[in-house]
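Listed below are the residues making up each chain.
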Amino acid sequence: MRRALGRGLAVTMGAGLLVAVAGQPASAAEIPAGARSLLSVNVAGQYVRHSDYLGGLAAVTSGSSAQAKADATFTVTPGLAGGAGCVSFQAANGMWLRHRDYRIRLETNAGTATFLADATFCVRDGSAAGSVRLESLNYPGRFIRHRDYALWLDASTTNPATFVADSSFQVTAPWVAGRRSPVIKGLYADPNIAYLNGRYYLYPTTDGYNGWSGTRFKAFSSTDLTTWTDHGTILDVGPSVSWASSRAWAPTIAAKNGRYYFYFCADTNIGVATATSPAGPFTDALGRPLVAAGFRSGQMIDPHVFTDDSGQSYLYWGNGYAYAVPLNADMTSFDAAQVRQFSLPNFREGLFMIKRNGVYYLSYSVDDTGSENYHVEYATGTSPLGPWTHRGTILSKNLSLGIKGPGHHSIVQAPGADTWHIAYHRFAVPAGNGTNREVTIDPLRFNADGTIQPVTPTL
Ligand code: FUB
């Protein structure tokens, strides 16, 4: 049940301040994504906090140490294992709240199905107005509750009223301000950004799975590149694609003929799905891959579609080998005899094309997505199919900020302006790796001679 409360629900904050969560309309059974703290409804001033990697309750006040405040602050993300209305909680050190042996603990995302489910909690109404309860996704009927100031995953007791209160928390403003990034909360990678129908859209890989074994694609949209609306799952290759079941990676979008074409990887094939809205839902168009595994050398992954001013669209893809081909007018077929292979220095994957002032810019990822040295280089050409002049690196790690492995990018132009942004993923800061990645966006700027300035990656 969702119980809508009035706008600007006020909750008690440590310094006696009453704060509405991010100024958003409050609902007892929702927690907006972003940095939050959780206050017990029945033990005054006690917040959910981790200590020695275990969850508990502890008093936090404005006079508490920075460490205590950080330990009582979590970034709320969509549930790592999915689930409508389900969320996960990431601590400032990058670890996640999970249950194990019914104890609430802080652990690094192992990417296993068990971990993802153990770290996913579904938001229910709490005992007090505006409060929430957190029910286990994989153990329905068990809730996060405090017992002797420790957090457990318990089922109801002989005193249900006490149990409900012990498992109810007010969601408050965070004790420590959140970072700007990731721009979409949670673990995502390979962001494809596009401006469609007056909004920016992001289409990422859903990340955090061992072996990149996710199945769901989601879409997010924004008018300002800052506040993003989660449109939920737009295609799940498990149930919705007959020829693949896993490894849903690196999608891209194209608009033509009043329809939207969503190109995606699944089990290292490239498929295409269509919809009438950029927010989907998308339906597999062919019932088979558009580019099947084994079609050419290398992995048939990382599609990108660029449409030139003439209206001709081109499909780019590849891993280890870079390919392109003109798409037919139906956007779902091409002449295999027209496939071109490019020679691009250091190329690994993630091709992306833009055109500015008549120059074609083909950018791509170098090294391995699991390496902190993963980065983006580019080349320029006079046509969508080259020939290409290598220009160098535009995005790479910044270890002084803890930014590792930035790559698999996409680029978008603001409507009617020479203003550009680059969306890319990197190891989630601070504790990520090649399968725990996060998405961010930074400005992309050009020099007077048309070359691209190195991007300054920001937190
Ligand atoms: O996300 C899975 C794969 O990792 C992508 O297809 C590659 O580009 C790399 O980012």
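Each value, and the rule that gives it
Residues numbered from 1 in each chain as written. Predicted model: local features only at pLDDT ≥ 70, side-chain atom pairs only at ≥ 80, totals over all residues. Heavy atoms only, no water. UniProt positions renumbered as here; feature names shortened; annotations may be inferred. Helix = DSSP H or I, 4+ residues; strand = E, 2+ residues; numbered from the N terminus. Near = heavy atom within 4 Å. Polar contact = N/O pair within 3.5 Å; in protein donor to acceptor, adjacent residues only side chain to side chain. Areas by Shrake-Rupley, 256 points an atom, 1.4 Å probe, with all protein chains shown as cover. Buried < 20%, exposed > 50% of the residue type's maximum accessible area, 1.4 Å probe, protein only. Pairing = 2+ DSSP bridges. Domains from an automatic or database assignment. Buried area = accessible area lost by both parts, 1.4 Å probe. Salt bridge = Lys/Arg side-chain N within 4 Å of Asp/Glu carboxyl O. Nonpolar A, V, L, I, M, F, W, Y, C, P; charged D, E, K, R; others polar. Axes fitted to C-alpha atoms, helices over the stretch in contact; angles between N-to-C directions.

A.B. asks: Would you take a moment to explain the UniProt feature "domain: Alpha-L-arabinofuranosidase B arabinose-binding" (unreviewed entry) in the chain for this structure?
C.D. replies: UniProt feature "domain: Alpha-L-arabinofuranosidase B arabinose-binding" (unreviewed entry): in the numbering of this structure it lies at residues 38-171. Structurally, residues 38-171 comprises 14% helix and 46% strand, and the distance from its first C-alpha atom to its last is 5 Å.

A.B. asks: What's the story with the site of the ligand in this structure? I'm lost.
C.D. replies: Surrounding the ligand, one finds 13 residues, the nearest of these being D190, D302, E349, H408 and R437. Within the contact set of the ligand, an oxygen atom lies 3.5 Å away from a side-chain nitrogen or oxygen of T369. Contacts to the ligand include H408, whose side-chain N or O atom sits 2.6 Å from an oxygen atom. Contact with the protein chains hides 97% of the accessible area of the ligand, taken as 270 Å² for the molecule alone.

A.B. asks: Explain the pairing of strand β14 (residues 169-172) to me, please; I cannot follow it from the model alone.
C.D. replies: Consecutive side chains of a regular strand alternate in pointing toward one face of the sheet and then the other. Residues F169 and V171 point to one face of β14 and Q170 and T172 to the other, with burial holding for every one of them. For strand β3 (residues 34-40) and β14, the ladder comprises four bridges, and the chain directions are antiparallel. Paired with S40 across the two strands is F169, which belongs to β14.

A.B. asks: What's the story with the domain arrangement of the chain in this structure? I'm lost.
C.D. replies: It is common to give the size of an interface as the accessible area lost on bringing the parts into contact. As far as domains go, the chain holds domain 1 (26-172) and domain 2 (188-444). Each of domain 1 and domain 2 was reduced to a C-alpha centroid, and the two centroids are 35 Å apart. Per-residue buried area on domain 1 facing domain 2 is highest for P78, N109 and G111; these three make up 40% of the total on that side. Applying the counting criterion to the domain 1 and domain 2 interface returns zero salt bridges. Run the count over domain 1 and domain 2 and you get four residue pairs in polar contact (both at pLDDT 80 or more). A class-by-class count of the residues in the side of domain 1 that touches domain 2 yields six nonpolar, six polar and no charged.

A.B. asks: Teacher, can you tell me more about unusual backbone geometry here?
C.D. replies: Note on backbone geometry: most residues besides glycine have negative phi, and most peptide bonds are trans. That bond from S181 to P182 is cis: its omega, 0°, falls within 30 degrees of zero. In this fold, P182 is placed in the loop between β14 and β15 (188-196). G386 connects to P387 through a cis peptide bond whose omega is 5°. Residue position: P387 is located in the loop between β29 (375-381) and β30 (388-395). Of note, the phi angle at N257 is positive, near 55°, even though the residue is not glycine. Along the chain, the position of N257 falls in the loop between β19 (249-256) and β20 (259-266). Notably, D367 is not glycine yet its phi reads approximately 80°, a positive angle. As for its placement among the helices and strands, D367 is situated in the loop between β28 (359-366) and β29.

A.B. asks: Which parts of the structure should I look at to understand the sheet that holds strand β32 (residues 420-427)?
C.D. replies: Remark on secondary structure: sheet strands pair via backbone hydrogen bonds, oriented parallel or antiparallel. Reading across from one edge, β31-β32-β33 is the order of the three strands in this open sheet, with antiparallel pairing throughout. For this open sheet the edge positions go to β31 (407-413) and β33 (437-444), each flanked by a neighbour on one side alone. Between one strand axis and the next, the sheet turns by 25° as a mean value, whatever way the strands run. Relative to β33, β32 is paired through eight bridges, and the arrangement is antiparallel. In the strand pairing of β33, R426 is matched with E438.

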